[in-house]
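Here is how the chains run, residue by residue.
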There are 2 protein chains.
Amino acid sequence: MTDQEKAPAKRAGWKRDPVKVQKDILQAATREFADNGYNGGRIERIVQLTETSKRMIYYYFGDKEGLWRAVLEEAYTSIRAQETELDLADLPPLEALRKLFVFTFDHHRRNADFIRLVMIENIRGGHVLAASTKIRDLNRPVVAMLEDICRRGAEDGTLRPDLCPLQLHWELSALSFFNMSNRATFAGIFGAGLHDEAGQIRLRDSLAEQVLRAVRA
Amino acid sequence: MTDQEKAPAKRAGWKRDPVKVQKDILQAATREFADNGYNGGRIERIVQLTETSKRMIYYYFGDKEGLWRAVLEEAYTSIRAQETELDLADLPPLEALRKLFVFTFDHHRRNADFIRLVMIENIRGGHVLAASTKIRDLNRPVVAMLEDICRRGAEDGTLRPDLCPLQLHWELSALSFFNMSNRATFAGIFGAGLHDEAGQIRLRDSLAEQVLRAVRA
DNA sequence: ACGTTTTTTAACCGTCTGGTACAAAACAGG
DNA sequence: CCTGTTTTGTACCAGACGGTTAAAAAACGT
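Novice: Tell me about the relation of the copies chain B and chain A, and please be specific about residues and values.
Specialist: Mapping chain B onto chain A calls for a screw motion: a turn of 180° about the axis and a shift of 0.0 Å along it, with 0.2 Å RMSD after fitting. This pairing of chains is accounted for by a two-fold axis. Residue Asn39(B) of chain B places its C-alpha closer to the rotation axis than any other residue of that unit, at 2.8 Å. By residue overlap, the copies meet face to face through one surface: 100% of the interface positions of chain B are interface positions in chain A.

Novice: Which residues make up helix H7 (residues 112-123) of chain A, and what values do they have?
Specialist: Residue and element names in this part refer to chain A. In a regular helix each residue adds 1.5 Å, so 12 residues correspond to 16 Å; H7 covers 17 Å between its end C-alpha atoms and thus fits that length. Burial analysis of H7 places 9 of its 12 residues in the buried class, which makes it a mostly covered element. Of the residues trailing H7, glycine 125 is marked for its positive phi of about 95°.

Novice: Tell me what's going on with helix H11 (residues 165-181) of chain A, and back it up with residues and numbers.
Specialist: Over its 17 residues, H11(A) runs 23 Å from end to end, which matches the ideal 24 Å to within 8%, given 1.5 Å per residue. Of all the 17 residues making up H11(A), 13 are buried; the element is thus mostly covered by neighbouring parts of the structure.

Novice: Just give me the short version of the packing of helix H6 (residues 93-110) of chain B against helix H9 (residues 133-156) of chain B, but keep the residues and values in it.
Specialist: Between two packed helices, what matters for the description is the angle formed by their axes and the separation of those axes. Residue and element names in this part refer to chain B. At a minimum axis separation of 9 Å, H6 and H9 run at an interaxial angle of 150°. One way to sum up the angle between H6 and H9 is to call them roughly antiparallel. Crossing of H6 over H9 shows left-handed handedness. Note on element contacts: H9 touches H6 through Met145, Ile149, Arg152, Gly153 and Asp156, opposite Pro93, Ala96, Leu97 and Leu100. Here the residues of the contact of H6 with H9 sort into 6 nonpolar, 1 polar and 2 charged.

Each value, and the rule that gives it
Residues numbered from 1 in each chain as written. Chains lettered and ligands numbered in written order. Predicted model: local features only at pLDDT ≥ 70, side-chain atom pairs only at ≥ 80, totals over all residues. Least-squares fit on C-alpha atoms with pLDDT ≥ 70 in both. Contact = placed C-beta atoms within 7 Å. Helix = DSSP H or I, 4+ residues; strand = E, 2+ residues; numbered from the N terminus. Expected span 1.5 Å × (residues − 1). Buried ≥ 20, exposed ≤ 12 C-beta atoms within 10 Å, placed from the backbone. Axes fitted to C-alpha atoms, helices over the stretch in contact; angles between N-to-C directions. Parallel < 35°, antiparallel > 145°, perpendicular 65-115°, else oblique. Left-handed = near helix turned anticlockwise from the far one by under 90°. Nonpolar A, V, L, I, M, F, W, Y, C, P; charged D, E, K, R; others polar.

On their own, these measurements won't tell you what the molecule is for.
And the structure:
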């Protein structure tokens with residue numbers, strides 16, 4: 001094992017693939033930031049999770065904050081993409097709402113990384129998100145869905161006519177988000193009863209009932 | 001202004017006051033950690049907020065993590081102390097519940113620092129809190145209150161008999177906590193309509209109604 | 001064949017940061 | 001007033017960390 005073998009090991013024969021490299025970095029950075037926060041996130045560690053070098057990170061993302069911005073936007077993009085697959089337009093308002101809540105709750109549960117990124121951004125004051133019109137736009141559809149449901153519900157008399165779609169979204173988010181964001185402390189204090197698999201299903205369905213009860217005319 | 005004046009400026013003639021010094025440090029550390037997170041929190045900055053020196057931080061709290069532990073315990077202690085002043089035992093279950101929720105909501109709103117500390121501890125995995133039996137004990141009373149309310153409500157027929165006190169606590173916490181924890185991102189995306197003063201009052205009262213609707217027999 | 005973009009390698013740096021060594025002042029007990 | 005213990009101040013360090021630089025080579029578009 002001489003120096004000659006090691007030094008140019010990867011130097012010969014590689015594919016050019018800017019897209020893949022960036023995706024690779026983004027994925028690693030997401031892991032690292034989600035696990036350790038922004039300030040706790042180490043560029044060095046991100047590199048190790050990657051198949052490329054530190055140089056490439058700065059080549060594509062400028063600096064740590066630029067990388068964070070990219071991670072956050074990517075996270076919102078992929079998360080909201082899944083949401084739009086839901087088609088609630090055909091369902092009766094009450095059923096649509098239940099389906100939306102159950103989906104949201106499960107969706108948050110499946111995407112722990114996303115939750116953590118949002119938590120971190122909140123602690124940082126949300127200024128990166130505030131500067132991103134892209135992320136703002138990504139969130140329009142959810143509220144639009146709820147506006148549609150509320151309108152239809154008010155018309156056919158199944159929902160209270162005074163509902164605020166945005167507040168409704170706030171509520172669904174609150175219940176789904178808190179469930180993940182405060183898992184550690186809540187379970188640490190009160191035990192994991194609400195957070196093991198069976199408990200989560202019970203909790204979710206119980207909350208769904210309550211939401212419906214709250215909006216029914 | 002010679003060196004002789006500056007260097008030993010505070011060196012001569014000072015009072016010994018361990019209790020005050022620790023309180024001073026704890027307060028400054030709370031500020032710093034709440035503002036900048038754990039990893040973003042700088043010992044140096046804490047010192048500047050203090051009337052003592054860096055040396056004292058390590059003298060009393062060992063290391064950064066020890067300081068964090070102390071800050072977290074202190075925060076829980078002072079926050080829960082305020083809660084116990086509530087006396088709900090005399091009120092009818094429904095009124096007691098409304099009062100408890102409104103109090104919790106406002107309480108969280110008043111204590112933004114506490115919220116941020118809990119967020120940070122959650123991001124860190126909650127292992128400091130998990131190791132503190134003290135904090136666990138501090139949280140018993142709240143659930144005890146709810147158990148009492150549920151029991152009385154089931155007896156006099158005003159509340160559904162199948163309510164889970166712990167889940168109820170989870171819900172009140174979720175709504176009150178999310179309101180603060182995700183303020184930055186939520187307002188950044190959807191505007192501050194729900195978060196200005198008027199919006200918060202409306203939101204709070206509306207949520208209170210919904211909670212009651214959900215538990216009524 | 002040639003200029004541009006992407007990628008590799010790898011050494012390097014200025015600064016920040018948690019943490020410590022050492023000594024002096026204050027205090028308590030006798 | 002002496003003496004041992006506790007509390008405080010000052011100066012300092014070793015390592016980590018984000019970020020940079022330089023040079024070059026492979027890949028690619030044209």
